[in-house]
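One-letter residues, chain by chain:
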Amino acid sequence: MKIVVFSAQPYDERSFDEVLQRDYASRGFELIYQKATLSVQTVALAEGSEAVCVFVNDLLDAPVLETLHGYGVRAILLRCAGFNNIDLEAARRLGLFVARVPAYSPEAVAEHTVALILALNRQIHRAYNRVREGNFMLDGLLGFNLHGKTVGVIGTGKIGMATARILKGFGCRVLGLDLYETAEFAALGEYVALDVLLAESDVVSLHCPLSDATRHLIGAASLARIKPGAMLVNTSRGGLIDTHAVVAALKSRRLSALAIDVYEQESQLFFHDRSSDIIDDDVFMRLMTFPNVIVTGHQGFFTVEALREIAETTLHNLDCFVGGRACENVLMAE
């Protein structure tokens, strides 16, 4: 059985090949790795396959899904938790099997979130460059004690919970917001309304999925209600933030700092080497001019443990599809 893996990077090949040889060597799965991102322009690369494996920036709208179905593809394997990049209604209509990796080492993203908070607060990115240039002055590098501060966690699923546990260990007061409140989080912090969380949090960290209801959750209106001088961190989905509004809030000093591992227009930037190119995204380049902004290229998930879990769960989902067994990670059954 041929499976085309889109947006494949060398580390994807290593982790998938390791798990394939270890657990599925006798299944006859043939993984064909393609660096290209899936879109209507590249979908022809899937011809002759029975399944495709995709990542966060691959586009699976109705035209792409219809073309895949016409090629004989019957399974869509998402090697990520989010599924806002796939038209599930079209997948249902076409009778496609769709499964995801709902959780992979939530601690990986949580730890990256806290690393961004600490680096931004203590100006590690600036201090690193100064010392390498022989500048040991401390002026301009002043931070604050994280201990005793209030942190608002929007989205208290697995990653949000892992983040809350770490921050509680730092001695923070933790506020939470989620449609589905859990006793597990209530043992660590307090659920409050969005307005309360924004008004009282020194740091706001986003961990919710992207949907029509959450798109631009952080925009001009919510930024007007945020605590003056708060830090904003997003390691979830780029579309949760209205970047234009955030730039304005940074310019007005409403926000004291911003750390993002995701960006709403990241598909043309992240996971590619653009160091020799002219980047024509003016909003992104404006962000890069702020000394109080840290951007990482969607690397929150990027640990040995997480890559292994992604490969294990994705191939398990494939094996369920081939074997006709119920799959606990299915979004759409064939």
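Residues numbered from 1 in each chain as written. Predicted model: local features only at pLDDT ≥ 70, side-chain atom pairs only at ≥ 80, totals over all residues. Heavy atoms only, no water.

## Topic: the UniProt feature "domain: D-isomer specific 2-hydroxyacid dehydrogenase NAD-binding" (unreviewed entry) in the protein chain
In step 1: Taking the numbering used here, the UniProt-annotated feature "domain: D-isomer specific 2-hydroxyacid dehydrogenase NAD-binding" (unreviewed entry) corresponds to residues 114-300.
In step 2: For residues 114-300, the end-to-end C-alpha separation is 10 Å, with 33% helix and 16% strand making up the annotated structure. (UniProt positions renumbered as here; feature names shortened; annotations may be inferred. Helix = DSSP H or I, 4+ residues; strand = E, 2+ residues; numbered from the N terminus.)

## Comments concerning the sheet that holds strand E9 (residues 203-206)
In step 1: Strands sit in the order E8-E7-E6-E9-E10-E11-E12 across an open sheet of seven strands; the sheet is parallel. Both outer strands of the open sheet, strand E8 (190-191) and strand E12 (293-295), are each paired with one neighbouring strand and no more.
In step 2: The sheet contact formed by strand E6 (residues 150-154) and strand E7 (residues 173-177) spans five bridges and is parallel. Bridge pairing in E7 places Thr150 opposite Arg173.
In step 3: Helix-sheet contacts for helix H4 (residues 106-121) involve E9, strand E10 (230-234), strand E11 (255-260) and E12, and the interaxial angle to E10 is about 145°. (Pairing = 2+ DSSP bridges. Contact = heavy atoms within 4.5 Å. Axes fitted to C-alpha atoms, helices over the stretch in contact; angles between N-to-C directions.)

## Concerning empty space enclosed by the protein
The gaps left among the atoms become clear once a water-sized probe is rolled over them.
In step 1: All told, the structure shown has three cavities of 30 Å³ or more when counted by the stated rule.
In step 2: Those elements that provide at least two residues to the lining of the largest cavity are helix H1 (10-23) and helix H12 (304-323).
In step 3: Taken together, the residues of the lining of the largest cavity sort by class into seven nonpolar, six polar and three charged.
In step 4: Two domains share the lining of the largest cavity, each providing at least three of its residues, namely domain 1 (2-104 + 303-323) and domain 2 (106-295).
In step 5: Considered as a void within the structure, the second largest cavity measures approximately 50 Å³ in volume.
In step 6: Residue lining of the second largest cavity: Asn234, Gly238, Ile241, Thr243, Val246, Leu258, Ile260, Val262, Tyr263, Glu264 and Leu287, and that is the complete set.
In step 7: Those elements that provide at least two residues to the lining of the second largest cavity are helix H10 (243-251) and E11.
In step 8: Split by residue class, the lining of the second largest cavity holds seven nonpolar, three polar and one charged. (1 Å grid on protein atoms, 1.4 Å probe; cavity = no way out; pocket = protein on both sides within 12 Å on 5 of 7 lines; lining within 4 Å. Points joined across faces, edges and corners; volume = space filled by probe spheres on them. Nonpolar A, V, L, I, M, F, W, Y, C, P; charged D, E, K, R; others polar. Domains from an automatic or database assignment.)

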